[in-house]
Amino acid sequence: AYIDGSYDKYNQSVGSGGIMFLNGNKETFSFGTKDEKYTEFWNVSGELLAAMHVMEYALTHGISKCSLYYDYMGIEMWATKRWKRNNALTQQYAAFYDSIKNRVRVHFHKVAAHTGDTYNEMADALAKQGAGI
């Protein structure tokens, strides 16, 4: 899955989006929130919510491993405890990852942002759509 997050300052909304590849099929998702516990962290919230969405999807559909392609390092670093989790959002994300990591093996892949990577650009557009941009 390719994932991304976005934030619309005007509407104070966070967006999450992505593309999941399943058995030769593509499935997209796009959603947003105006919940203050997320909007205070801007696009980072969208990134983390998108990652959790994919992991939750894998868990509920009996998928034992998944690959996350992301352009924000926190996706991997907070999950693997290489970055400190200094706030409620990053602590929630790390706790969620810890709760599923023995049932869904997540492979993290960093991609460069805004470099023309087709699926990363699609995830970006879906995240913006979720934020209402």
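Reading the values: rules and limits
- Residues numbered from 1 in each chain as written.
- Predicted model: local features only at pLDDT ≥ 70, side-chain atom pairs only at ≥ 80, totals over all residues.
- Heavy atoms only, no water.
- Phe/Tyr/Trp six-rings, centres within 6.5 Å; stacked < 30°, edge-to-face > 60°.
- Buried < 20%, exposed > 50% of the residue type's maximum accessible area, 1.4 Å probe, protein only.
- Core = buried A, V, L, I, M, F, W, Y, C linked by side-chain atoms within 4.5 Å.
- Helix = DSSP H or I, 4+ residues; strand = E, 2+ residues; numbered from the N terminus.
- Contact = heavy atoms within 4.5 Å.

(A) Inspection of the packing of aromatic side chains at higher detail. A full pass over the atoms with the stated rule returns eleven aromatic pairs. The interplanar angle of 50 degrees and the centroid separation of 5.9 Å between the aromatic rings of Tyr72 and Trp78 together place this pair among those described as tilted. The exposure class assigned to Trp78 is buried, which follows from its relative accessible area of 10%. Every member of this aromatic cluster is reached through a ring pair, and the members are Tyr2, Phe21, Tyr69 and Tyr119.

(B) Fine view of the nonpolar core. With 31 residues, the main nonpolar core has Ile3, Met55, Leu68, Ile75, Tyr93, Val106 and Phe108 as its most contacted residues. Those elements giving two or more residues to this core turn out to be β1 (2-8), β2 (13-22), α2 (42-60), β4 (65-70), α3 (74-79), α4 (88-100) and β5 (105-110). In terms of residue count, α2 provides more of this core than any other element does, ten residues in total. Leave out the neighbours within four places in its chain, and Met55 touches Leu68, Tyr93, Phe96, Tyr97, Ile100, Val104 and Val106. Within the second largest apolar cluster, five residues are counted, among which are Tyr2, Ile19, Val111 and Leu126.

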